[in-house]
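Observations on the three-dimensional arrangement
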Amino acid sequence: MRLLLLIPLAGLAMAMTPPAAAQTRATIVVAADGTGDHPTVQAAVDAVPSGNAQPVTILVRKGTYKQQVVIPADKPHISLVGDTRDPREVVLTFDASASTPKPDGSGTYGTSGSASYVISAPDFTARNLTFENSYDEAAKGNSQAVAVRTTGDRQVYENVRFIGNQDTLYANTPSATTTARQYFRDCHVEGDVDFIFGRATAVFDNCVIKALNRGSADNNGYVTAASTELSNPYGFLIYRSHLTSNAPARTYHLGRPWPAGGSATARGQVLVRESWLGQQFKDAPWTDMSGLNWRDARLSEYRNHGPGATINDDRPQLTSEQAAAFTPERYLAGTDGWNPVRHHHPHPGYGPGREVLPRNDGWAAATTGTTGGSAARQENVHVVSTRAQLRAALGDPADNTPKIIYVKGAIDADTDDSGAPLTCADYAVNGYSLPAYLAAYDPAVWGRTSVPSGPLEDARRASYNKMAQHVTVTIGSNVTLVGAGRDAALKRFGLRIGNADNVIVRNLTITDTSDCFPQWDPTDGADGNWNASFDNVEVSGSTHVWLDHNTLNDGDNPDSGQPLYFGRPYQVHDGLLDVVRGANYVTLSWNHLSGHDKVTLIGNTDNPTRYGEADKLKVTLHHNHFEGLGQRTPRVRFGQVHVYNNYYTGGATHGYSIGVGVGSKVYAESNAFDSIAAEKVLSVFGGTAITAKDNLVGNAPADLVAAYNAANGTALGTDAGWTPTLFTRIHPAEALKALVPAGAGAGHRLF
């Protein structure tokens, strides 16, 4: 009798398992230093069997990998992933252009052949990587040089950078009769000529699309060149993205339709919707290509914003009903219902820098609202603790790539790049000294009928310019500058938000912006005056700006501590927070301003045409603490300015609080004033009316207009001609004495 041999179940399973060499590994590691499974990406791709049916991750460790790579159509379900969240740390590159000769002498690469990566596999994912074509266009001449050519269906690219110049990203299909859907989320694409082009159905969701400056004063390039076939309703959708550039204004096209291969049925379809468009775009941003008139293609926009988002007859706009058919989901659904769209995608490192202005929170919430740098990719989030780091993080103000900059600790502008302290003497040039200046322009010597001129005045001006260049920092568009803690401070800096859009500054103490070189002007007033030229913060010609929970003062260097020269105070400070030169849509909330004379000027000229301010300067001030100030809280020209729920305390230097200037339309409600007489709240500088209601002076309701008129024998009107609609909850004025001091200023509520 033969015995039956019983095999344990575990042994049976092992006996039935194919040899390891025949299996697909779940994770394949690529490391250039030899510590992974393969040293190159192509070797890892080659290790995936044809017809692969299981998810495979090719994990690429930090480094730069220079090689042309093909991921063929018969190897689906591959995820190509960098091993850090920073895509700059894993760079996949090659440097061929269309005109580059092939090594085998068989001709040039051509456009398609120049691609660093050709990705034809369906169900492919890339994450946390940089794809680059490093062809040196400046040294070798302009030529097509593709970073990635895609032809696969159902591809996803997340937190991926595409770097090149001409023809960076070739989003394509296998043929004119097939479709391929590709979803780009939180991506960065940069280039100059036709740098997003092809026949694919591609959605760019929350991406930064950067148009490079080629140095032209007229035409720096084209963002898109779609060759969508007429049979396909969906080509490229750029959705809730930032189209940025440091190129001059009106030198870029949004795109042109490309009849690929001479196709008679290619009619490019591109929709740019709900996106921020920089200054680079022409007023007529679509143009013809290869004999195809752009108006015969399908090129349109919907609800874009930013300085490049003009609407005119050369910019077709979808209606709301039409836009409903052109969502990311509609583009990508196809016949199989594919939906990779992620609506609630948390940003890495979420914090105060990602916060945006709440809906209806004052004028900065108008139209598109204010989001600052909230869309910044992780590589554009900076923590700075020195002047040099701050300036480097801010970069070129013309480069409007979204940025978040956290200020850690106190940074002093009066330091050099090594951190060594500087004094006024370090800025002085051309023989300037204060004693020499005083001697030259003493009224007993110079007189009182003309402003100073001559060598010492020229030296003063040159010294001021040197100082200004060192201490002034300019904030460009799409930036959030925020203090990273309760002690974050910018000392002796002049912050300038100039000709920018979409800026947030929060939780900073901005203190002692002092001028080493004030000018003496004997003609300023009856006795002459010293005039400084730095503001702590100046919002100039900018739109959608939110300044919140900041502390602004003169620190330990008040003007009251300065000496008298020629019988007049030697004033080294100018404004604390000015909104000028046609700035618009600004909200100033929960700030603490103290110990200063001239505080906030809104509009800086009585001439309505100089900056076109008659329909600008729309500013909201709410829940600010104005403590011990002299004047201009605020002084207004032209603008529709809503002043509500602010708490004012007076002092020995108080002159007036709210200035009613030429053309102004101030609506002041539910503010509280202590140690300020009712008739001293207002002052009139050519204005005719102000709406003032529900305000409290001391502990009693006060009619501010009636008090002013009675004291001055005037007839200031009581109707500013408009009613605010953009505001948060309005508290009763009685509550402000406790509420505002406890919450206003840096270090409150954010941390």
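**A word on the overall build of the protein chain**
- Along its length, the protein chain carries 13 helices and 55 strands.
- Referenced to the eigenvectors of the C-alpha coordinate spread, the extents of the protein chain come out at roughly 120 × 70 × 55 Å.
- In the protein chain, buried positions account for 56% of the 751 residues.
- A separation of at least 24 residues holds for 73% of the contacts in the protein chain among residues at least 6 apart in sequence.
- Just so you have it, the protein chain exposes about 29,500 Å², and 51% of that area is on carbon and sulfur atoms.
- Between the centroid of the 62 positive side chains of the protein chain and the centroid of its 73 negative side chains there is a distance of 5 Å.

**Digging into the sheet that holds strand S55 (residues 700–702)**
- With respect to topology, 10 strands assemble into an open sheet ordered S26-S29-S32-S37-S42-S45-S48-S51-S54-S55, the strand pairing being mixed. Strand pairing shows two members of the sheet lacking a second neighbour, strand S26 (410–412) and S55, which therefore form its edges. Taken over all neighbouring pairs, the strand axes of this sheet differ in orientation by 15° on average, direction set aside.

**Notes on the pattern of salt bridges**
- With the rule as written, the count across this model stands at 35 salt bridges.
- Here Arg 127 makes a salt bridge to Glu 158, at a shortest N to O gap of 3.9 Å. Taken together, the residues Arg 127 in strand S8 (residues 125–133) and Glu 158 in strand S10 (residues 155–163) connect sequence positions 31 residues apart.
- When the shortest N-O distance is used, the salt bridge between Glu 274 and Arg 240 registers 2.9 Å. Of this pair, Glu 274 sits in the loop between strand S21 (269–273) and strand S22 (276–277) while Arg 240 sits in the loop between strand S18 (236–239) and strand S19 (242–245), placing them 34 residues apart in sequence.
- Taking the relative accessible area as the measure of exposure, Arg 240 reaches 45% and is therefore partly exposed.
- A cluster of three or more residues bridged by salt bridges with shared partners is formed by Asp 123, Asp 153, Arg 154, Arg 181 and Asp 336.

**With respect to the packing of aromatic side chains**
- This model, assessed by the stated rule, comprises 33 aromatic pairs.
- Taking 4.2 Å as the distance between ring centres and 20° as the angle between the ring planes, the aromatic pair formed by Tyr 170 and Phe 197 counts as stacked. Residue Tyr 170 is found in strand S11 (residues 169–171), and its partner Phe 197 is found in strand S14 (residues 193–198); the two are separated by 27 residues along the sequence. Of the two residues examined, Tyr 170 and Phe 197, each falls in the buried class.
- For the pair Trp 530 and Phe 566, a centre-to-centre distance of 5.7 Å together with 20° between the ring planes defines the contact as stacked. Residue Trp 530 is located in strand S34 (residues 529–531), and its partner Phe 566 is located in the loop between strand S38 (564–565) and strand S39 (568–569); the two are separated by 36 residues in the primary sequence.
- You can call Trp 530 buried: its relative accessible area is 1%.

**Structural notes on the packing of helix H9 (residues 434–441) against helix H11 (residues 455–471)**
- Between H9 and H11, whose axes approach to 10 Å, the crossing angle comes to 140°. In terms of orientation, H9 and H11 fall into the oblique class. Crossing of H9 over H11 shows left-handed handedness. Contacts from Ala 436, Tyr 437, Ala 440 and Tyr 441 in H9 reach Leu 456, Glu 457 and Arg 460 in H11.
- When grouped by side-chain class, the residues that make up the contact of H9 with H11 number five nonpolar, no polar and two charged.

**Some thoughts on the sheet that holds strand S17 (residues 221–226)**
- With parallel pairing, seven strands are arranged side by side in an open sheet as S4-S7-S9-S11-S14-S17-S20. Either end of the sheet is taken by a strand with one partner, and the two such strands are strand S4 (69–71) and strand S20 (252–255). Taken over all neighbouring pairs, the strand axes of this sheet differ in orientation by 10° on average, direction set aside.

**Digging into the nonpolar core**
- By size, the foremost hydrophobic cluster in this structure holds 82 residues, and its most contacted members are Leu 481 and Leu 495.
- The biggest single contributor to this core is H11, with five residues.
- Excluding anything up to four places from it in sequence, Leu 495 contacts Val 473, Ile 475, Leu 481, Leu 490, Val 505, Ile 510, Asp 535, Asn 536, Val 537 and Glu 538.
- The next biggest cluster of nonpolar side chains, apart from the first, holds 58 residues, and it includes Ile 28, Ile 119, Ala 126 and Ala 147.

**Notes on H9**
- The set of residues buried in H9 consists of Tyr 437, Leu 438 and Tyr 441. Each buried residue of H9 sits inside an arc of 100° when the element is viewed along its axis, so together they form one side. Along H9, the residues that are exposed and aim more than 90 degrees away from the buried face are Pro 435 and Ala 439.
- Looking at the buried positions of H9, the neighbouring elements they touch are helix H10 (443–446), H11, strand S33 (519–521), S34 and S38.

**Details of the state of the cysteines**
- Under the definition given, this model contains two disulfides.
- A disulfide bridge connects Cys 187 with Cys 207, and the sulfur atoms are separated by 2.2 Å. Handedness here is read from the sign of the S-S torsion; for Cys 187 and Cys 207, about 120°, the answer is right-handed. Taken together, the residues span a long stretch of sequence, with Cys 187 in the loop between strand S12 (181–185) and strand S13 (188–191) and Cys 207 in the loop between strand S15 (201–205) and strand S16 (208–211) at a distance of 20 residues.
- Classification of Cys 187 as buried rests on a relative accessible area of 0%.

**Quick word on the pairing of S17**
- Where burial is concerned, most of S17 is hidden: six out of the six residues are buried.
- Two elements, S14 and S17, share four bridges in a ladder whose sense is parallel. Paired with Ile 196 across the bridge in S17 is Thr 224.
- Pairing between S17 and S20: three bridges, direction parallel. Each bridged residue has a counterpart across the sheet, and for Gly 221 the counterpart in S20 is Tyr 252.

About the criteria used
Residues numbered from 1 in each chain as written. Predicted model: local features only at pLDDT ≥ 70, side-chain atom pairs only at ≥ 80, totals over all residues. Heavy atoms only, no water. Helix = DSSP H or I, 4+ residues; strand = E, 2+ residues; numbered from the N terminus. Buried < 20%, exposed > 50% of the residue type's maximum accessible area, 1.4 Å probe, protein only. Contact = heavy atoms within 4.5 Å. Areas by Shrake-Rupley, 256 points an atom, 1.4 Å probe, with all protein chains shown as cover. Lys, Arg positive; Asp, Glu negative; His and termini not counted. Charge placed at Lys NZ, Arg CZ, Asp CG, Glu CD. Pairing = 2+ DSSP bridges. Axes fitted to C-alpha atoms, helices over the stretch in contact; angles between N-to-C directions. Salt bridge = Lys/Arg side-chain N within 4 Å of Asp/Glu carboxyl O. Phe/Tyr/Trp six-rings, centres within 6.5 Å; stacked < 30°, edge-to-face > 60°. Parallel < 35°, antiparallel > 145°, perpendicular 65-115°, else oblique. Left-handed = near helix turned anticlockwise from the far one by under 90°. Nonpolar A, V, L, I, M, F, W, Y, C, P; charged D, E, K, R; others polar. Core = buried A, V, L, I, M, F, W, Y, C linked by side-chain atoms within 4.5 Å. Arc of directions from axis to C-beta. Disulfide = S-S within 2.5 Å.

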